[in-house]
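Structure at a glance
Read off the chains here:
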Amino acid sequence: MRDQTKHARSADRAAAASEQGAKKGSRTRHRLRLRNLRPDDYESMRSITGRVYASMGGQFGGAMSKEKFQSMLSRFPEGQIGIEDRGRIVAAALSLIVDYDRYGDSHSYGEITGDAYFTTHDPDGDVLYGAEVVVDPDYRSMRLGRRLYDARKELCKKLNLRAIIAGGRIPGYKEHADRMTPQQYVEAVRGKKLHDPVLSFQLANDFQVRRVIRGYLPGDAASLDYATLIQWENMYYERRAKPVVGAQKDSARIGAVQWRLRQVESVEDLLQQVEYFVESVADFKSDFAVFPELFNVALMGLVEQGNVAEAMRKIAEFTPRIVESMQGMAVRHNVNIVGASMPVVEDGRLYNEAYLFRRDGTQETQRKIHITPIEKRLWGLEGGNVLRHFRTDAGTIGILICYDVEFPELGRVLADRGVQILFVPSWTETKNGYQRVRRCAQARAIENECYVILSGSVGNLPRVENVNIHYSQSAIFSPSDFAFPHDAVVAESTPDTETVLVADVDLEKLRRLRDEGSVRTFRDRRLDLYRVEWLGPVSE
């Protein structure tokens with residue numbers, strides 16, 4: 001935990017001074033309120049962390065990035081606590097829940113916090129992990145750290161977690177390193193023979209030292225990269241039985257539809273084909289039914305094609321009707337439907353929008369961000385500017401439509417947000433176009449340690465201009481390690497044939513891979529040298 005609270009004696013003196021000032025009529029100078037952090041608090045957090053960690057080196061030094069802040073809030077908003085003064089955040093405590101046995105006592109800050117993105121947050125975990133406590137230097141005389149610690153304890157009790165555990169810096173150790181070991185220094189602080197700005201405060205707040213760890217926070221020169229592992233035990237904790245219904249799933253069954261484009265006589269004709277495949281996939285007790293990009297393009301045969309751009313806009317008029325019908329299918333057949341991108345018009349602009357129809361009746365969308373030259377030239381498509389991730393009852397997922405998967409930055413951003421399964425609805429005309437998408441999809445699976453599902457269209461539409469031929473081979477790709485198939489392909493269909501590919505993916509293997517894999521491409525990134533940061537609008 002990057003903890004910047006001041007020691008007790010300094011706080012006492014400052015508190016007395018503050019009280020004296022209050023008696024002189026300055027009672028209304030501050031208006032403090034404890035609350036959860038919000039997305040619009042980022043600038044305050046950036047300012048505080050920039051000041052507090054300006055001198056710290058390594059990947060965790062300096063101001064917090066917006067992407068990390070948004071990731072923390074999206075994963076565990078209840079655990080991000082702040083104190084505001086007249087609308088501005090002046091102190092904050094950041095936390096996540098972890099299954100502590102997965103990490104043990106020898107972890108680093110980056111390992112247990114997902115490099116501060118909180119991708120390791122586990123709602124079913126048993127420990128509230130304190131990632132950070134930070135106080136604006138101008139407010140350190142007001143004992144705000146104690147308030148934040150108390151709020152964390154209340155949260156731990158409310159959520160029935162067994163303990164609060166954190167890695168605490170020991171910034172006073174550097175001055176004594178020439179004459180004592182870190183363990184001797186900690187014992188001296190515990191015995192009140194020495195004072196440490198962080199550890200003394202933590203001990204005064206009922207935390208106990210479990211052990212001393214090395215390499216916890218690289219770049220922490222004042223602590224010489226040492227830290228204490230501290231713990232506060234929740235005496236009210238009651239051991240929970242694992243829920244039989246509604247628990248986080250350890251695996252997911254995927255049904256990827258290799259969709260044959262054929263002439264249709266009406267929208268009802270198209271929807272009849274869709275429901276046939278949804279029902280087929282649901283019969284296998286699948287969690288997801290995946291449809292390809294622009295699967296409804298056969299509807300262009302029902303409209304005037306003198307102007308192909310206008311024809312695409314005309315079939316966009318069918319989209320609301322299809323959306324309503326497919327949402328009903330998801331509920332009726334108890335399966336999440338993913339992909340199924342269709343054209344939509346908004347404010348006169350044409351977009352390619354993919355859908356997530358959850359089986360609980362809710363729905364989400366993801367627009368294609370990168371538009372190919374021919375899509376711009378023929379149809380006038382424009383790219384979206386929001387990258388979303390979605391929580392489902394069978395894992396956290398993302399959607400990259402065809403060309404988008406050829407841009408590795410998008411996959412990396414989604415991985416930082418905790419995506420376990422990446423769906424790639426595609427539409428390719430030739431084998432070389434298909435191979436571009438396939439190879440990039442496989443790369444995304446390996447570099448981000450996730451599953452990637454590729455679903456495409458086959459067949460031809462001779463009466464539809466510029467939608468003549470198609471080639472695809474639907475597939476499910478995995479990371480490449482001993483726990484996965486030797487070729488990193490979980491399953492693949494027969495090329496260029498209408499079919500459904502059904503296979504299971506083991507989500508627990510992804511969790512173990514990040515901790516125990518022979519290589520750890522996600523965790524071993526040199527974030528002190530480079531990073532990928534989303535600059536566009538942030539939305540879940």
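All values derive from a computational prediction rather than experimental measurement. (Residues numbered from 1 in each chain as written. Predicted model: local features only at pLDDT ≥ 70, side-chain atom pairs only at ≥ 80, totals over all residues. Heavy atoms only, no water.)

Observations concerning the overall build of the chain
In terms of helices and strands, the chain carries 14 helices and 22 strands. Scaling as 2.2 N^0.38, a compact globule of 540 residues should have a C-alpha radius of gyration of about 24 Å, and the chain matches this with 27 Å. Overall, the chain is about 85 × 55 × 45 Å in size when its C-alpha atoms are taken along their principal axes. Partitioning the contacts of the chain with sequence separation of at least 6, the portion at a separation of at least 24 is 73%. Accessible area for the chain stands at about 23,000 Å²; split by element, carbon and sulfur atoms hold 47% of it. A distance of 7 Å separates the average location of the 76 positive side-chain charges in the chain from that of its 75 negative side-chain charges. (Helix = DSSP H or I, 4+ residues; strand = E, 2+ residues; numbered from the N terminus. Rg over C-alpha atoms; globule rule 2.2 N^0.38 Å. Contact = heavy atoms within 4.5 Å. Areas by Shrake-Rupley, 256 points an atom, 1.4 Å probe, with all protein chains shown as cover. Lys, Arg positive; Asp, Glu negative; His and termini not counted. Charge placed at Lys NZ, Arg CZ, Asp CG, Glu CD.)

Quick look at unusual backbone geometry
Leaving glycine out, the prevailing phi sign among residues is negative, and the prevailing peptide bond configuration is trans. Non-glycine residue Leu-294 carries a positive phi angle of around 45 degrees. Mapped onto the secondary structure, Leu-294 falls in the loop between β10 (288-291) and α9 (308-316). A positive phi angle, close to 45 degrees, is found at Ala-340, a residue other than glycine. Here Ala-340 shows up in strand β11 (residues 336-346). The buried category is assigned to Ala-340, whose relative accessible area is 0%. (Buried < 20%, exposed > 50% of the residue type's maximum accessible area, 1.4 Å probe, protein only.)

Comments concerning the packing of helix α8 (residues 267-283) against helix α10 (residues 319-332)
Put simply, α8 and α10 touch, their axes get as near as 11 Å, and they point 25 degrees apart. With respect to α10, the axis of α8 lies roughly parallel. Note on packing geometry: the crossing formed by α8 with α10 is right-handed. Each of Val-267, Glu-268, Leu-270, Leu-271, Val-274, Glu-275 and Val-278 in α8 lies in contact with α10, whose residues at this interface are Arg-321, Ile-322, Ser-325, Met-326, Met-329 and Arg-332. (Axes fitted to C-alpha atoms, helices over the stretch in contact; angles between N-to-C directions. Parallel < 35°, antiparallel > 145°, perpendicular 65-115°, else oblique. Left-handed = near helix turned anticlockwise from the far one by under 90°.)

Describing the packing of aromatic side chains
For the coordinates displayed, the defined rule picks out 17 aromatic pairs. Taking the centre distance of 5.5 Å and the plane angle of 70 degrees together, the rings of Tyr-434 and Tyr-471 count as edge-to-face. Of this pair, Tyr-434 sits in helix α13 (residues 431-448) while Tyr-471 sits in the loop between β19 (469-470) and β20 (475-477); the two residues are 37 residues apart in sequence, bridging distant segments of the chain. Here Tyr-434 matches Tyr-471 in class, with each residue buried. Measuring from ring centre to ring centre gives 6.1 Å for Tyr-451 and Phe-484, while their planes differ by 70 degrees; the resulting arrangement is edge-to-face. With a gap of 33 residues between them, Tyr-451 in strand β17 (residues 451-455) and Phe-484 in the loop between β20 and β21 (489-492) connect regions that are remote in the sequence. Judged by its relative accessible area of 7%, Phe-484 falls in the buried class. (Phe/Tyr/Trp six-rings, centres within 6.5 Å; stacked < 30°, edge-to-face > 60°.)

Focus on the side chain of Asn-296
As for its placement among the helices and strands, Asn-296 is situated in the loop between β10 and α9. For Asn-296, a relative accessible area of 0% translates into the label buried.

What to know about the packing of helix α12 (residues 408-416) against α13
Helix-helix packing is described using two parameters, namely the angle between the two axes and the distance between the axes. Axis separation between α12 and α13 bottoms out at 10 Å; the angle between their running directions is 35 degrees. When the axes of α12 and α13 are compared, the crossing they make is right-handed. Residues Pro-408, Gly-411, Arg-412 and Ala-415 of α12 touch α13, and the partners they reach there are Arg-444, Glu-447 and Asn-448. In terms of residue class, the contact of α12 with α13 is made up of two nonpolar, two polar and three charged. (Nonpolar A, V, L, I, M, F, W, Y, C, P; charged D, E, K, R; others polar.)

Re the environment of Arg-332
Looking at the secondary structure, you find Arg-332 in helix α10. Linking Arg-332 and Gly-114, residues 218 residues apart in sequence, is a C-alpha distance of 37 Å. Of note is the side chain of Arg-332, whose polar atom sits 2.9 Å from the side chain of Glu-275. (Polar contact = N/O pair within 3.5 Å; in protein donor to acceptor, adjacent residues only side chain to side chain.)

A look at the sheet that holds β21
The six strands lie next to each other as β14-β15-β16-β17-β20-β21, forming an open sheet whose pairing is mixed. Strands at the two margins of the open sheet, each flanked by one partner only, are β14 (389-392) and β21. Direction aside, neighbouring strands of the sheet carry axes that sit 20 degrees apart on average. Bridging between β14 and strand β15 (residues 395-399) involves four bridges; their strand directions are antiparallel. (Pairing = 2+ DSSP bridges.)

What to know about the pattern of salt bridges
One pass over the structure, following the stated rule, counts 38 salt bridges. Glu-353 is paired through a salt bridge with Arg-367; the nearest N and O atoms lie 2.8 Å apart. Placement of Glu-353 in strand β12 (residues 349-357) and of Arg-367 in strand β13 (residues 363-367) is noted, with a sequence separation of 14 residues between them. Arg-367 sits in the buried class, given a relative accessible area of 16%. Taken together, the salt bridges that share partners define one network made up of Asp-99, Arg-102, Asp-250, Glu-508 and Arg-511. (Salt bridge = Lys/Arg side-chain N within 4 Å of Asp/Glu carboxyl O.)

Quick look at the nonpolar core
Membership of the largest hydrophobic core comes to 49 residues, with the highest contact counts inside it found for Ile-254, Phe-288, Ile-421 and Phe-423. In this structure Ile-254 touches Ser-286, Phe-288, Val-290, Ile-421, Phe-423, Ile-453, Ile-476, Leu-501, Val-502, Ala-503 and Val-505, once residues within four positions along its chain are discounted. Core analysis: the next-biggest nonpolar cluster, separate from the first, contains 46 residues, Ala-282, Leu-299, Met-326 and Met-329 among them. (Core = buried A, V, L, I, M, F, W, Y, C linked by side-chain atoms within 4.5 Å.)

Comments concerning helix α6 (residues 182-190)
An α-helix turns once every 3.6 residues. As a result, residues three or four positions apart point the same way. Among all positions of α6, only Pro-182, Tyr-185, Val-186, Ala-188 and Val-189 are buried. Down the axis of α6, the sector holding all buried residues measures 160 degrees, keeping them to one side. Phi turns positive one or two residues past the end of α6, at Lys-192, with a value near 65 degrees. (Arc of directions from axis to C-beta.)

A word on the confidence of the model for the chain
For the chain, per-residue confidence averages 88 on the pLDDT scale, and 91% of positions sit at 70 or higher. Within the model, pLDDT remains below 50 along residues 6-26, and this stretch shows 16 contacts once partners closer than five positions in the same chain are excluded. (pLDDT = per-residue confidence, 0-100.)

Examining the pairing of strand β8 (residues 226-233)
Summarising burial for β8: seven of the eight residues are buried, a large majority. Judged from the seven bridges that link them, strand β6 (residues 163-169) and β8 form a sheet pairing that is antiparallel. If you follow Ala-163 over to β8, its bridge partner there is Glu-233. Where strand β7 (residues 208-214) and β8 come together, six bridges link them in antiparallel fashion. Bridging from a neighbouring strand, Val-212 pairs with Thr-228 of β8.

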